[in-house]
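Observations on the three-dimensional arrangement
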Amino acid sequence: MSITSLLAISLGAILTNNFIFSQFLGICPFLGVSKKIDTAVGMGAAVTFVMGLASAVCYGINSLLKLAGLEYMQTVAFILVIAALVQFVEMFLKRYIPTLYTALGVYLPLITTNCAVLGVALLNVQNNYNFIESVVYGITGGLGFLLAIFLFAAVREQLEFSDTPKAFEGFPIALVTAGLIALAFMGFSGLQVWPQ
């Protein structure tokens, strides 16, 4: 494992294989919480924290499952780990940042079923990442989610003051905007960190 491979994993998770715009995972909270920048950043930070911690814990759980010959239980075990981590984040926000807890509303518990969080744990296994690579992929995958939801929230805030056709007001223009940003992120698909 070298710094270059960790950098390649990081850039891949943030830009090339962004969970929202390239892999289309985690769309529900992305669309639901992106109306204001502050709630979008709060959700992105919570998802980043859960993804990083879930990657670390799920690596250990997966190692135990392999030793016991129970690899087929990965998905169930990962979901239980993610649910416990989200419960921890929810209790923390309720106690220390109640305004963010209220603003996130129903979308905070939905991190439990956010397929991006489960996806990062399963992709760590599929890509045979070691512990450090798993944690780096989890954290930078969350930062990619944060970048995506921040950009989208910034555009949606500006769209509130724009003159859009009646048929596109509200959610339709948000979907068109998300599609256009996803097209822009497709430009990173040919990105190569170092020539070979």
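Residues numbered from 1 in each chain as written. Predicted model: local features only at pLDDT ≥ 70, side-chain atom pairs only at ≥ 80, totals over all residues. Heavy atoms only, no water.

This next bit is on the pattern of salt bridges. Following the criterion strictly, the structure yields one salt bridge and no others. In this structure, the salt-bridge partner of K166 is E169, at a minimum N-O distance of 3.8 Å. Take K166: its relative accessible area is 69%, and that puts it in the exposed class. The exposure class of E169 is partly exposed, given its relative accessible area of 41%. (Salt bridge = Lys/Arg side-chain N within 4 Å of Asp/Glu carboxyl O. Buried < 20%, exposed > 50% of the residue type's maximum accessible area, 1.4 Å probe, protein only.)

Attention now moves to the confidence of the model for the protein. In this model, the protein carries a mean pLDDT of 86, and residues with pLDDT of at least 70 account for 96%. Looking across the protein, the model is least confident in helix α5 (residues 98-104), with a mean pLDDT of 81, and most confident in helix α7 (residues 131-159), with 93. (pLDDT = per-residue confidence, 0-100. Helix = DSSP H or I, 4+ residues; strand = E, 2+ residues; numbered from the N terminus.)

Attention now moves to α7. Between its first and last C-alpha, α7 extends 42 Å over 29 residues, near the 42 Å set by a 1.5 Å rise per residue. Its side-chain oxygen at 3.2 Å from the backbone nitrogen of I132, N130 defines the N-terminal cap of α7. (Expected span 1.5 Å × (residues − 1). Polar contact = N/O pair within 3.5 Å; in protein donor to acceptor, adjacent residues only side chain to side chain.)

Turning our eyes to something else, we now look at helix α1 (residues 3-16). With 14 residues, α1 extends 18 Å between its outermost C-alpha atoms, agreeing within 8% with the 20 Å of an ideal straight helix rising 1.5 Å per residue. Buried residues of α1: L6, I9, S10, G12, A13, L15 and T16, and no others. Against α7 and α8 (171-186) lie the buried residues of α1. (Contact = heavy atoms within 4.5 Å.)

Attention shifts here to the packing of helix α3 (residues 37-68) against α7. Each pair of packed helices can be summarised by the angle the axes make with each other and by the distance between the axes. Interaxial distance between α3 and α7 falls to 8 Å at its minimum, and their mutual angle equals 165°. Classed by the angle they form, the pair α3 and α7 counts as roughly antiparallel. As for the relative orientation of α3 and α7, their crossing is right-handed in sense. Of the residues in the contact of α3 with α7, the class split is 19 nonpolar, eight polar and one charged. (Axes fitted to C-alpha atoms, helices over the stretch in contact; angles between N-to-C directions. Parallel < 35°, antiparallel > 145°, perpendicular 65-115°, else oblique. Left-handed = near helix turned anticlockwise from the far one by under 90°. Nonpolar A, V, L, I, M, F, W, Y, C, P; charged D, E, K, R; others polar.)

The next thing to look at is the nonpolar core. Within the largest apolar cluster, 49 residues are counted, with the highest numbers of intra-cluster contacts made by F19, F21, F30, M43, I111, V117 and Y137. If you list the elements that add at least two residues to this core, you get α1, α2 (27-32), α3, α4 (74-96), α5, α6 (115-126), α7 and α8. For this core, the leading source of residues is α3, giving eight residues. Setting aside residues up to four positions removed in sequence, Y137 forms contacts with I9, A13, F19, Q23, V120, L123, N124 and Y129. (Core = buried A, V, L, I, M, F, W, Y, C linked by side-chain atoms within 4.5 Å.)

Another aspect to go through is a nonpolar patch on the surface. Together, F49, L53, V57, F88 and M91 make up an exposed nonpolar region whose accessible area comes to about 440 Å². A per-element tally of the nonpolar patch places α3 first, with three residues. Inspection of the secondary structure puts F49 in helix α3. Looking at F49, the relative accessible area reads 40%, which means it is partly exposed. (Patch = residues over 30% accessible without salt bridge, like charges linked within 9 Å, V, L, I, M, F, W, Y side chains within 5 Å. Areas by Shrake-Rupley, 256 points an atom, 1.4 Å probe, with all protein chains shown as cover.)

Tallying each qualifying case throughout the model produces eight aromatic pairs. Arranged with centres 5.7 Å apart and planes meeting at 65°, the rings of Y59 and F131 form a pair that is edge-to-face. Of the two residues, Y59 is situated in helix α3 and F131 in helix α7; the sequence distance between them amounts to 72 residues. Overall, Y59 belongs to the partly exposed group, its relative accessible area being 32%. Linked through ring pairs, F21, F30, F152 and F185 together constitute an aromatic cluster. (Phe/Tyr/Trp six-rings, centres within 6.5 Å; stacked < 30°, edge-to-face > 60°.)

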